[in-house]
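# Summary of structural features
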Amino acid sequence: AWCWCQKKLLDPHFFISPTRDVAFRKLFGKDAPDAIAISFLNNVLGLKDKEEIKKITKIDSYSPGKMADESFCVQDMHCIDKSGMHYIVEVQVAP
């Protein structure tokens, strides 16, 4: 039997904030496809043309879990843009 939340997650118009643990892991977790994180970063950072990220390597992550109903997650990514520039992007979700 499906619950209402499973139906909602299949709805293409349903939005989950990337600051929620589940969405953050889907965007940036070690098992998340790199293409999702690349697309998200390019759009949020407004990167165009040669500035667009073409490759990421997830360096490390930190998530101590729930403490007093709050969570904190960090994901560092080594990025290479289309011009060959290398840089680090750190994404954080803090309570």
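As shown above, the structure is provided for reference.
Let me begin by describing the structure that accompanies this report. (Residues numbered from 1 in each chain as written. Predicted model: local features only at pLDDT ≥ 70, side-chain atom pairs only at ≥ 80, totals over all residues. Heavy atoms only, no water.)

Among the nine residues of strand β2 (residues 73-81), eight are classified as buried, and the element is accordingly described as predominantly covered. Here eight bridges tie β2 to strand β3 (residues 86-93), and the two strands are oriented antiparallel to one another. Of the residues in β3, the one forming a bridge with C79 is Y87. Taking the residues that link successive antiparallel strands as the turn, the β2-β3 hairpin has four residues, and the phi of G84 there is positive, at about 95°. (Buried < 20%, exposed > 50% of the residue type's maximum accessible area, 1.4 Å probe, protein only. Helix = DSSP H or I, 4+ residues; strand = E, 2+ residues; numbered from the N terminus. Pairing = 2+ DSSP bridges.)

So, about the environment of K48. Within the secondary structure, K48 sits in the loop between α3 (34-44) and β1 (53-62). Look at K48 and you get exposed, because its relative accessible area is 56%. Sequence separation between K48 and D81 is 33 residues, and the spatial gap between their C-alpha atoms is 10.0 Å.

One broad rule of soluble globular proteins: the nonpolar side chains tend to lie buried together. Membership of the largest hydrophobic core comes to 15 residues, with the highest contact counts inside it found for F28, L41, I53, I56, M77 and V91. Going through the elements one at a time, α2 (21-28), α3, β1, β2 and β3 are the ones with two or more residues in this core. Setting aside anything within four residues of it in sequence, one finds M77 in contact with F28, A37, L41, I56, T57, K58, I59, Y87, I88, V89 and V91. (Core = buried A, V, L, I, M, F, W, Y, C linked by side-chain atoms within 4.5 Å. Contact = heavy atoms within 4.5 Å.)

A complete count under the given rule lists one aromatic pair for this structure. Where F28 meets F40, the ring centres are 5.6 Å apart and the plane angle is 80°; that geometry is what we call edge-to-face. With F28 in helix α2 and F40 in helix α3, this pair connects stretches of sequence that are 12 residues apart. For F28, a relative accessible area of 2% gives the class buried. (Phe/Tyr/Trp six-rings, centres within 6.5 Å; stacked < 30°, edge-to-face > 60°.)

Where α3 is concerned, the buried positions are A37, I38, L41 and N42. Burial along α3 is one-sided: seen end-on, the buried residues are contained in an arc of 125°. In α3, those exposed residues whose orientation departs by more than 90 degrees from the buried face are A35, N43 and V44. Two residues or fewer past α3, G46 is found with a positive phi of approximately 65°. (Arc of directions from axis to C-beta.)

Looking at α2, one finds that the buried residues are D21, A23, F24, L27 and F28. All buried residues of α2 fall inside an arc of 165° around its axis, so they share one side. Of the exposed residues in α2, the ones pointing more than 90 degrees away from its buried face are V22, R25 and K26.

A few words on unusual backbone geometry. A positive phi angle is found at D49, which is not glycine, with a value near 50°. Mapped onto the secondary structure, D49 falls in the loop between α3 and β1.

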